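Per-entry structural report
Each chain, letter by letter, is given below.
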Amino acid sequence: MILVRDVHKRYQTAHGPGRWVLEGVNLTIPPEVNVGLIGQNGAGKSTLLRLIGGIDQPNRGRIERYCRVSWPMGRGVGLPGHLTGRQNAKFLCRVHGHEADILDRLAFIEDFAQLGPMFDEPINTYSSGLRARLQFALSLAFDFDVYIADESFSAGDSGFRKKAKAAFRRMTRRASVIVVSHQELILKEFCTAGIWLSNGKAHWFDDIDDALRAYEESVE
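I will try to describe carefully the structure that is included in this document. This one's a predicted model, so the numbers in the text were calculated from it and none came from an experiment.

Glancing now at unusual backbone geometry. We note that Asp6 has phi near 50 degrees; this positive angle belongs to a residue other than glycine. Mapped onto the elements of the fold, Asp6 is located in strand β1 (residues 2–9). Of note in this structure, Glu32 is not a glycine but carries a positive phi near 60 degrees. For Glu32, the location among the structural elements is in the loop between β4 (22–29) and β5 (35–38).

This is the structure in structure tokens:
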């Protein structure tokens, strides 16, 4: 279960504090429920995902996680750019307590990401697509109760996107997901419930179709 309690979030700009991206958001995300985040560009979907994943903090309010939550899949966040892909992978294996099987996990990450020689180059030399491949492979290499995904299937060529989608589908058989996507088919395939973000507020729907309908009516 994930509890979001009175969460407010805004960012500093060159002219001082910006607008509230999220303002007084309250949510209870039940266990074993796949959730789609829906809203217009700038509504705060990626921001909420980052907060749930713990890689950003609210200005006010709190998020309580009673489960293991991944970082956003397919987003190259939180990785030291001066380290190589392999070095970052080794570091995360140790952080997650996988020293004993580190070679197997490194082999999986290297094979899935399909980076070739770039796996041993600093990730600050990677394109955004290569970073996304590495981040997606790193997420799959570790066991979480909830995986969070921000447009994870848009990275790489069509072959990699197909491979990533198949792996994501297999993963949903053993864990739940929170997904941001602008593709309605993706949301309907993987999600049962939905959160519609609008004007800084979050609206929960038990049925993803109802969430999509509310969003579509808001932009008509």
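Orientation of helix α3 (residues 102–113) relative to helix α5 (residues 158–171), taken along the N-to-C sense of each, is 135 degrees, at an axis distance of 11 Å. If you check the angle between α3 and α5, you find them oblique. For the pair α3 and α5, contact is made by Asp111, Phe112 and Ala113 and by Phe160, Lys163, Ala164 and Ala167, respectively. Residue composition of the contact of α3 with α5, grouped by class: five nonpolar, no polar and two charged.

In this section: the side chain of Thr84. When you line up the elements, Thr84 lands in the loop between β7 (69–73) and α2 (85–95). Leave out the neighbours within four places in its chain, and Thr84 touches Phe119, Asp120, Glu121, Pro122 and Ile123.

When you line up the elements, Met118 lands in the loop between α3 and α4 (128–140). The class of Met118 is partly exposed, set by a relative accessible area of 25%. Separated by 34 residues in sequence, Met118 and Thr84 have C-alpha atoms that sit 8.1 Å apart.

Position of Asn34 relative to the elements: it lies in the loop between β4 and β5. Polar contacts involving the side chain of Asn34 include one to the main-chain amide nitrogen of Val177, which spans 2.9 Å. Filtering out sequence-adjacent residues up to four positions away, Asn34 remains in contact with Thr172, Ala175, Ser176, Val177, Phe190, Cys191, Thr192 and Ala193.

So, on to the pattern of salt bridges. According to the stated counting rule, one finds 13 salt bridges in the structure shown. In this structure, Asp143 and Arg174 form a salt bridge, with 3.7 Å as the shortest nitrogen-oxygen distance. Here the residue Asp143 occupies a position in the loop between α4 and β8 (146–150), and Arg174 occupies one in the loop between α5 and β9 (176–180), the gap between them amounting to 31 residues. Relative accessible area serves as the criterion here: at 44%, Asp143 is assigned to the partly exposed category. Between Arg169 and Glu189 there is a salt bridge; the shortest N-O distance is 2.7 Å. Taken together, the residues Arg169 in helix α5 and Glu189 in helix α6 (residues 184–190) connect sequence positions 20 residues apart.

So, on to the nonpolar core. When a protein is soluble and globular, its nonpolar side chains tend to lie buried together. One finds Met73, Ile109, Leu134, Leu138 and Phe168 to be the most contacted residues of the largest nonpolar core, which totals 41 residues. Membership of the second largest hydrophobic core comes to 26 residues, among which are Val4, Leu22, Ile29 and Ile178.

A separate point is helix α7 (residues 208–218). Buried residues of α7: Ile208, Ala211, Leu212 and Ala214, and no others. Along α7, the residues classed as buried sweep out an arc of 160 degrees about the axis, all on the same side. On its buried face, α7 is in contact with β5, α6, β10 (193–198) and β11 (201–205). The backbone nitrogen of Asp209 has a side-chain oxygen 2.7 Å away, supplied by the residue at the start of α7, namely Asp207.

Here is what the cut-offs are and how they apply
Residues numbered from 1 in each chain as written. Predicted model: local features only at pLDDT ≥ 70, side-chain atom pairs only at ≥ 80, totals over all residues. Heavy atoms only, no water. Helix = DSSP H or I, 4+ residues; strand = E, 2+ residues; numbered from the N terminus. Axes fitted to C-alpha atoms, helices over the stretch in contact; angles between N-to-C directions. Parallel < 35°, antiparallel > 145°, perpendicular 65-115°, else oblique. Contact = heavy atoms within 4.5 Å. Nonpolar A, V, L, I, M, F, W, Y, C, P; charged D, E, K, R; others polar. Buried < 20%, exposed > 50% of the residue type's maximum accessible area, 1.4 Å probe, protein only. Polar contact = N/O pair within 3.5 Å; in protein donor to acceptor, adjacent residues only side chain to side chain. Salt bridge = Lys/Arg side-chain N within 4 Å of Asp/Glu carboxyl O. Core = buried A, V, L, I, M, F, W, Y, C linked by side-chain atoms within 4.5 Å. Arc of directions from axis to C-beta.

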